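As a plain string of letters, each chain reads:
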Amino acid sequence: MKWPEGVTIKEVGPRDGLQNEKAFISTEDKIAWINQLSESGLKHIEITSFVNPKWIPALSDAVAVAAGITKVPGVTYTALVPNLQGLERAFKANIDEVAVFMSASETHNLKNINKTIGETFPVLRDLVRDTISAGKLSRGYVSTVFGCPYEGDVDIDAVIRVSETLFDMGIAELSLGDTIGVANPKQVQEVLEVLLKRFPADKLAMHFHDTRGTALANIIVSLEMGITIFDSSLGGLGGCPYAPGASGNVATDDLLYMLHGMGIHTGADQQKLTSASQFIQEKIGRPLPSKSLQAASSQLGGKLGNIV
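Residues numbered from 1 in each chain as written. Predicted model: local features only at pLDDT ≥ 70, side-chain atom pairs only at ≥ 80, totals over all residues. Heavy atoms only, no water.

Enquirer: Explanation requested: empty space enclosed by the protein in the structure shown.
Expert: For the structure on display, the rule yields one cavity of 30 Å³ or more. Within this model, the largest cavity holds a volume of roughly 60 Å³. Lining the largest cavity, in full, are Lys10, Glu11, Val12, His44, Ile45, Glu46, Thr78, Glu97, Arg139 and Tyr141. Only strand E1 (8-11), strand E2 (44-49) and strand E5 (137-143) provide two or more residues apiece to the lining of the largest cavity. Of the residues that constitute the lining of the largest cavity, the class distribution is three nonpolar, two polar and five charged. (1 Å grid on protein atoms, 1.4 Å probe; cavity = no way out; pocket = protein on both sides within 12 Å on 5 of 7 lines; lining within 4 Å. Points joined across faces, edges and corners; volume = space filled by probe spheres on them. Helix = DSSP H or I, 4+ residues; strand = E, 2+ residues; numbered from the N terminus. Nonpolar A, V, L, I, M, F, W, Y, C, P; charged D, E, K, R; others polar.)

See below:
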């Protein structure tokens, strides 16, 4: 197998990771953590979400976080945006890229957005239009591609319909989400075989949650299929408030360990990211699921470590 020379890692921990935390991480700590990520060599960081604070209290300080970070040239700072009110706040915070989101399954879309899929399309079309008009990048997320917590199996035709509609709106890239971590390598291969006949590989990203420990195996298959963009969350933080049973995203630490060991370039500094993992683990106050972080902590005699 000929592996790619390099891949793009899109760090989603500050948004997808922290949104499911019961304990509120202070604005100052969020800013400090994102600043560490910015200095790690990562080129894409999703820093927050401009949703109504009453729905995602953990990210109620979105404007303050976006305004407080130290931006590093060459790094793209992304935020999740659900509606035009959120978009206005994102523009004021000078976000580089706007991510819009919806589900491939009707029930999860209703739970997550409080709209049917058909009702969601016009909202996202306005968001993408205004984002592009403002000279910003636009990225799309499709949740429940590989399974829904309410409906079970998701028809590939539903995934195609949503994906085609989002690309027709003008998004630059589409992230395919295994929201509850049910995908297996065979399923990933089958889904990508269908989608890659319709969309170029360099416009697709994979977003795997590691609920059942299959995320890295699914990434290997994705690499074999020509995908080179992956979302991940430092320490394995994450989950979805509207997807019962979902655990964290694939850990950035573990993904880097695997890729670097395979000779695949990411541009990220493993040591700096280990330090950033230890920092956020200490702030959250419990061990995070990343195997690489656990190994590093073990080597430190079980200590969580300090910022370096």
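Back to the text.
Enquirer: Can you walk me through the nonpolar core in this structure?
Expert: Burial of nonpolar side chains together is a common tendency in soluble globular proteins. Grouped together as the largest cluster of nonpolar side chains are 88 residues, with contacts concentrated most on Trp33, Phe50 and Leu166. Sorting elements by how many residues they give to this core places helix H7 (residues 156-169) first, with six residues. Aside from chain neighbours lying at most four places away, what touches Leu166 is Val100, Met102, Leu124, Tyr141, Val142, Ile171 and Leu174. (Core = buried A, V, L, I, M, F, W, Y, C linked by side-chain atoms within 4.5 Å. Buried < 20%, exposed > 50% of the residue type's maximum accessible area, 1.4 Å probe, protein only. Contact = heavy atoms within 4.5 Å.)

Enquirer: I keep staring at the packing of H7 against helix H8 (residues 185-195) and nothing clicks. Help me out?
Expert: Packed helices, taken two at a time, are described by the angle between their axes plus the distance between the axes. Between H7 and H8, the least distance of the axes is 11 Å, while the angle of their chain directions is 45 degrees. Relative to H8, H7 is oriented oblique. For the element pair H7 and H8, the recorded crossing hand is right-handed. Counting all contacts with H7, which are made through Ile156, Val159 and Ile160, the residues of H8 involved are Val191, Val194 and Leu195. Class assignment for the residues of the contact of H7 with H8 results in six nonpolar, no polar and no charged. (Axes fitted to C-alpha atoms, helices over the stretch in contact; angles between N-to-C directions. Parallel < 35°, antiparallel > 145°, perpendicular 65-115°, else oblique. Left-handed = near helix turned anticlockwise from the far one by under 90°.)

Enquirer: Can you walk me through the pattern of salt bridges in this structure?
Expert: Taken as a whole, this structure holds 13 salt bridges when the rule is applied. Among the salt bridges present, the one from Glu173 reaches Lys10, with a minimum N-O distance of 3.0 Å. Placement of the pair is Glu173 in strand E6 (residues 173-178) and Lys10 in strand E1, with a sequence separation of 163 residues. Look at Lys10 and you get buried, because its relative accessible area is 7%. Note that Arg129 and Asp130 form a salt bridge whose closest N and O atoms lie 2.9 Å from each other. (Salt bridge = Lys/Arg side-chain N within 4 Å of Asp/Glu carboxyl O.)

Enquirer: Is there a simple way to think about the packing of aromatic side chains in this case?
Expert: In this description, a pair of aromatic rings is defined by centroid distance and the angle of the planes. Scanning the model with the defined rule gives two aromatic pairs in all. Between Phe146 and Phe208, the ring centres sit 6.0 Å apart and the planes meet at 35 degrees, which makes this aromatic pair tilted. Placement of the pair is Phe146 in the loop between E5 and H7 and Phe208 in strand E7 (residues 204-208), with a sequence separation of 62 residues. Phe146 sits in the buried class, given a relative accessible area of 3%. Directly above the aromatic system of Tyr141 lies the positively charged group of Arg15, at a separation of 5.5 Å from the ring centroid. (Phe/Tyr/Trp six-rings, centres within 6.5 Å; stacked < 30°, edge-to-face > 60°. Lys NZ or Arg CZ within 6 Å of the ring centre and 35° of its normal.)

Enquirer: How do you make sense of the layout of surface pockets when you look at a structure like this?
Expert: Gaps left between atoms are located by rolling a probe of water-molecule size over the structure's atoms. What the second largest pocket holds in volume is close to 210 Å³. Along the wall of the second largest pocket there are 15 residues; nearest its centre are Asp210, Ala251, Asp254, Pro289 and Lys291. Per-class residue counts for the lining of the second largest pocket are five nonpolar, seven polar and three charged.

Take it as geometry only, folks, not as evidence of what the structure does.
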